[in-house]
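# Fold and geometry: a report
One letter stands for each residue in the lines below.
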Amino acid sequence: MQTGLDGKIVLITGAAQGIGRATALGFAREGAKLCLIDIDGNALSEAESELRALGANVTVAQADLSTAEGVKGGVEAALKSHNGQVDVLVNNVGAGKVRTFDELSDEDWDFTMNLNFMSYVRTCRYLLPVLRNREKAVIINNASDLARQPEPVPIDYSASKAAVLALTKGLARAEAPKIRVNAVAPGPVWTPFWTKEGGFADTMGKFHGMAPRDAVEHELSLRHLPLNRLGQPHEVANVIVFMASDLASFVTSAVWGVDGGSIRSLI
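Residues numbered from 1 in each chain as written. Predicted model: local features only at pLDDT ≥ 70, side-chain atom pairs only at ≥ 80, totals over all residues. Heavy atoms only, no water.

## Observations concerning the nonpolar core
- Counting 37 residues, the largest nonpolar core has L11, I37, L79, V86, L127 and I139 as the members making the most contacts within it.
- Broken down by secondary-structure element, the contributors of at least two residues to this core are β1 (9-13), β2 (33-38), α3 (68-79), α4 (106-131), β5 (137-142), α5 (155-175) and β6 (179-186).
- By residue number, the principal contributor to this core is α4, which donates nine residues.
- Not counting the four nearest positions on each side in its chain, V86 is found in contact with I9, L11, L79, L127, V130, L131 and R134. (Core = buried A, V, L, I, M, F, W, Y, C linked by side-chain atoms within 4.5 Å. Buried < 20%, exposed > 50% of the residue type's maximum accessible area, 1.4 Å probe, protein only. Helix = DSSP H or I, 4+ residues; strand = E, 2+ residues; numbered from the N terminus. Contact = heavy atoms within 4.5 Å.)

Structure follows, in structure tokens:
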């Protein structure tokens, strides 16, 4: 099937590892031109090398997207070789730790909301004037199943991702019919987001008093995940690429769960 993504300029935030990197690879296979932003310069260079080996047209920019200055500088640098033009924006950057409500300070809340939500607001605000003048422009926001079905922890992460869904729905109506705006809502996906020191698995292990991997397996058992496993980054990336493509041309304001069946509600 023809995706219509060949030659499209795609900007992906948090693109160096995990879902972001898998998404870049997915778009590269469709012939898209890639503009990647991440705070991890080493991982970003590795991703760039991998993509160039596939023959992809790729530009990278290292930036801290938790600040307004970082978003502006990162987007400008990533799109410089394309004269600031872009067709598809994938807001993917995010971070989270397992902490109880009582453990969260104002500073913790501010950091989570700035990175997981305000970076999306700022990239959209910066690029909407460009996207409004492109043909078949698309925004895809990476949310979470926890946005729709929060657990006791991590409550700040869940709140930030619920805000992403509200942003997605609002922008989809505001920017229609020119721009399609959708979200993916992954369940637990085994990426560096989970595996890195101080990440979900590590902090979940401390929360449950278990080894990190054991804590993850325990958490999955509590959620009664029908597929009974963690997802893989490419499984989310495949849906993002599809939603950005002509194959999803009648899809906007949608929240696509890629969660192994974790959401039990009808909507």
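## Some remarks on the domain arrangement of the protein chain
- Segmenting the protein chain into domains produces domain 1 (9-189 + 234-258) and domain 2 (192-230).
- Contacts between domain 1 and domain 2 engage 17 residues on the former and 14 residues on the latter.
- Here domain 1 packs against domain 2, burying approximately 1,300 Å² in sum over the two surfaces, 66% of which is carbon and sulfur.
- When residues of domain 1 are sorted by the area they lose upon contact with domain 2, V98, P188 and V189 head the list and together hold 41% of the total.
- For the interface between domain 1 and domain 2, the tally reads one salt bridge.
- Where E235 meets R229, a salt bridge forms, and the shortest distance between an N and an O atom there is 2.7 Å. (Domains from an automatic or database assignment. Buried area = accessible area lost by both parts, 1.4 Å probe. Salt bridge = Lys/Arg side-chain N within 4 Å of Asp/Glu carboxyl O.)

## Quick word on the sheet that holds strand β4 (residues 88-91)
- One open sheet holds the seven strands; their spatial order is β3-β2-β1-β4-β5-β6-β7, and the pairing between them is parallel. A strand with exactly one partner marks an edge of an open sheet, and here the two such strands are β3 (57-62) and β7 (255-258). This sheet shows a mean twist of 15° between the axes of neighbouring strands, independent of strand direction.
- Two strands pair when backbone bridges link them, and β1 and β2 are joined in this way by five bridges, in the parallel orientation. Of the residues in β2, the one forming a bridge with L11 is C35.
- With respect to the sheet, helix α1 (residues 18-29) is in contact with β1, β2, β4, β5 and β6, its orientation differing from that of β1 by roughly 170°.
- Lying on the sheet, α3 is in contact with β1, β2 and β3; it crosses β2 at an angle near 155°. (Pairing = 2+ DSSP bridges. Axes fitted to C-alpha atoms, helices over the stretch in contact; angles between N-to-C directions.)

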